[in-house]
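# Residue-level structure breakdown
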Amino acid sequence: MTSCLLSLLFLFYLASNMTAAEPAGCKIRITNKGLEMLKFETQKFVEEELSNISMPEMKGKEGRFQYTITDVKITELNLTHAELRFIPDGGLLFDVQNSSISLSFHRRILYWFFYDTGSINASAEGVNINTAVNLIRDNEGRLKINNITCDAKINKMRAEFSGTLGRVYDFLARFVTTGMRFFLNQQICPSLNHAALVHVNSMLETIPVRTEVDQFVGIDYSLIDDPVVSSRSLDMHFRGMFFDLSNQNLTLVNYAVEPVIREYDRMVYLALSEFFFDSGMFSYYSAGIFQMDIVNEKMPKDLEVLLRTTYFGAIMMLNPALVDAPLSLQIAVNSPPKTSIKTSGATVVMIAIVKVMVLPPGQPAVQLSSMTMETKFNAKVSMKGKRLAVHADLRRFKIFSNQSALESLALIPLQAPLKTMLQMSVVPLINNWTKRGVRIPLADGMDFVEEVVEYHNGFIVIGANLHFSKGLREMMAGSIEAEPYNSTNSSTV
């Protein structure tokens, strides 16, 4: 009996853990093609980092020679045989083979009673650097370099002495180059370790994890697990959830289909589930912005005339003195809008309550009618740089009375003018919110170009190539500035 109970508890534990995994609302894949572009940026950064290696003054005495070596500078790095590739279940490998480094330094040499000074050019050949970087999700859900392993070796080094005693000094070169080769071997890996763990991690910290979108909502781009690395790609799974800034604990549960990325042809892929968009609309609905009052100059004249004609009898029954009082339409979405993504495209269904009100001067508003408005929008997703935008077009519109079937028939003449009003007033307002877009989790200086949007059942996949508007050094030195917003230029999806 006890063993059966333990077995059931174990099965329940497994089941609860299997269902506890949080689906991703947003995924990003970087492919080998993207890594190829990153290789050039990484190579330039490594060359810059190694060129900053400083060497101490070297002094020594060999027989009758006394020498002092100062002002050692790396003048050129030729990392032509460099490769950047994925390490399955690990991270990234930057491998440099059979490359070279050129140096210059100043000499002061005393030989017997002869004193000689001058510049010396040296070269390190057979430079091999093997650096492996391990990527993880940190406690804040941010991508981070956890550790780095490095192995560097310079096979040989030579110096070219010139000057009064140039030929006499040839044998001295091996003493100098041996010391310099040893020092360089000892300095390359610490320099790269510092670059990765400090500079690169600092750049990764500029990528937004949980940040404001506008004055109404924020977005959570925290990683829900460690990056998944294969021989062909690096996949990152983000929460991809919007939230109401005024009530950040009120969030939507993700029951949507998890997006799947199957392609490797482009440098980078972005996949977004229905949850990504639904959480945005849920948050704006929670913030109370899906409501508007159409009155006075906002009310189209032909619609106002039609409303007065339709509700003339009701106004007269209330009070004939109200015939000339202003009318208004109060529109309020009564449930969070819902997204549907199919292979044919994306649509958003929005249901709102529309109240027809008469506004007697100096008196409380009087309700003439209440109707339900069902609207369906086509939603077109696009990318610009690192911002995701949505453009909406009204696809279907229907109204019916909340009071009686007979009134629903009477509302038929209002269908066309109300639809026109939506197209002229509400749809532009929605697109004004969405045209600025929302930022996706890319580092500052890295943008999407040549993007292609594909619609699947339950999610969208955007394939693109990468463009660097800044080098890695500049990206690491800079920081993302807070972007201003206002009520007419806020973003939502």
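Relevant structure appears above.
As a starting point, this report considers the structure included with it. Fair warning: this is a prediction, and the values are worked out from it, not measured in the lab.

Before going further, it helps to spend a moment on the state of the cysteines. The tally for this structure, following the rule as stated, stands at one disulfide. Note that Cys 150 is cross-linked by a disulfide to Cys 189, the S-S spacing being 2.1 Å. Between Cys 150 and Cys 189, the S-S torsion sits near -75°, and that sign places the bridge as left-handed. Linking Cys 150 in strand β7 (residues 143-160) with Cys 189 in helix α3 (residues 173-204), this pair joins segments that are 39 residues apart in sequence. By relative accessible area, Cys 150 is classed as partly exposed at 24%.

The next subject is the pairing of strand β6 (residues 114-137). In regular strands, side chains alternate between the two faces of the sheet. Across 16 bridges, β6 lies against β7 in antiparallel orientation. Bridge pairing in β7 links Asn 130 to Asp 151.

It is worth spelling out unusual backbone geometry at this point. A positive phi angle is found at Asp 89, which is not glycine, with a value near 60°. With respect to the helices and strands, Asp 89 occurs in the loop between β4 (82-87) and β5 (91-111). Judged by relative accessible area, which is 76%, Asp 89 ranks as exposed.

The subject of this paragraph is the layout of surface pockets. As a volume, the second largest pocket reaches approximately 180 Å³. Of all the secondary structure elements, the ones that give two or more residues to the lining of the second largest pocket are β14 (291-295), β15 (327-333), β17 (345-358), β18 (366-384) and α8 (412-434). Here the residues of the lining of the second largest pocket are counted per class, giving 14 nonpolar, two polar and no charged.

Another aspect to go through is the sheet that holds strand β12 (residues 241-244). Within a beta sheet, neighbouring strands are joined by backbone hydrogen bonds and run either parallel or antiparallel to one another. An order of β8-β9-β12 is seen for the three strands of this open sheet, with the pairing classed as antiparallel. Because the sheet does not close on itself, it has two edges, and the strands there are β8 (210-212) and β12. When the angles between neighbouring strand axes are averaged without regard to direction, this sheet yields 25°. Pairing of strand β9 (residues 217-220) with β12, which is carried by four bridges, proceeds in the antiparallel orientation. Bridging across to β12, Ile 219 finds its partner in Phe 242. Sheet strands touched by helix α4 (residues 274-287): β9 and β12. Its angle to β12, the strand with the most contacts, is close to 5°.

What follows deals with the sheet that holds strand β11 (residues 233-238). Across the sheet, which stays open at both edges, the six strands sit in the order β10-β11-β1-β13-β22-β21 with antiparallel pairing between neighbours. This sheet does not close on itself; its edge strands, each paired only once, are β10 (228-229) and β21 (446-456). As paired elements, β21 and strand β22 (residues 459-468) share nine bridges and run antiparallel to each other. Looking at β22, one finds that Met 446 is bridged to Phe 468. Sheet strands in contact with helix α2 (residues 32-51) are β1 (26-31), β21 and β22, and its direction is about 65° off that of β1. Against the sheet, α4 contacts β1, β13 (268-273) and β22, and its axis sits at roughly 55° relative to β13.

What follows is about the nonpolar core. Core analysis: the largest hydrophobic core is formed by 125 residues, its most contacted members being Leu 103, Phe 276, Leu 329 and Leu 388. For this core, the element with the most residues is α3, which contributes 10 residues. Residues Ile 261, Tyr 269, Ala 271 and Phe 459 belong to the second largest nonpolar core, which totals five residues.

With that out of the way, let us pick up the pattern of salt bridges. Scanning the model with the defined rule gives 15 salt bridges in all. When the shortest N-O distance is used, the salt bridge between Glu 140 and Arg 142 registers 3.7 Å. The exposure class of Glu 140 is exposed, given its relative accessible area of 53%. Assessed through its relative accessible area of 14%, Arg 142 is described here as buried. For Asp 278, the salt bridge is made with Lys 338, and the minimal N-O distance between the two is 3.0 Å. In this pair, Asp 278 sits in helix α4 while Lys 338 sits in strand β16 (residues 338-342), placing the two residues 60 residues apart along the sequence. Taken together, the shared-partner salt bridges connect Glu 22, Arg 210, Asp 220 and Arg 239 into one network.

Rules behind the numbers
Residue numbers run consecutively from 1 along every chain, following the written order of its sequence. Two thresholds apply to this predicted model, a pLDDT of at least 70 for residue-level local features and 80 or more for giving and counting side-chain atom pairs, whereas whole-chain, interface and lining totals are computed over all residues. Excluding hydrogens and water, the side-chain values take into account all heavy atoms of the structure. What counts as a disulfide here is a pair of cysteine sulfur atoms lying within 2.5 Å. Labels follow the DSSP assignment, with helices taken as runs of H or I lasting at least four residues and strands as runs of E lasting at least two, numbered in each case from the N terminus. With a 1.4 Å probe rolled over the protein chains alone, any residue whose accessible area is under 20% of its type maximum counts as buried; one over 50% counts as exposed, and the rest are partly exposed. At least two bridges found by DSSP between two strands is the condition for calling them paired. Using a grid of 1 Å spacing that covers the protein atoms alone, one calls a set of points a cavity when a 1.4 Å probe fits there but cannot get out, and a pocket when the set is open and has protein on both sides within 12 Å along at least five of seven lines; lining residues are those with an atom within 4 Å of a point. Grid points are joined across faces, edges and corners, and a volume is the space filled by probe spheres set on the points. In this count, Pro and Cys sit with the nonpolar residues alongside Ala, Val, Leu, Ile, Met, Phe, Trp and Tyr, while Asp, Glu, Lys and Arg are called charged and the others, Gly among them, polar. Each axis is a line fitted through C-alpha atoms, taken for helices only over the stretch in contact, and angles between the N-to-C directions span 0 to 180 degrees. For this analysis, residues touch if any pair of their heavy atoms sits within 4.5 Å. To form a nonpolar core, buried Ala, Val, Leu, Ile, Met, Phe, Trp, Tyr and Cys residues must be joined to one another through side-chain atoms within 4.5 Å. We define a salt bridge as a side-chain nitrogen of Lys or Arg found within 4 Å of a carboxyl oxygen belonging to Asp or Glu.

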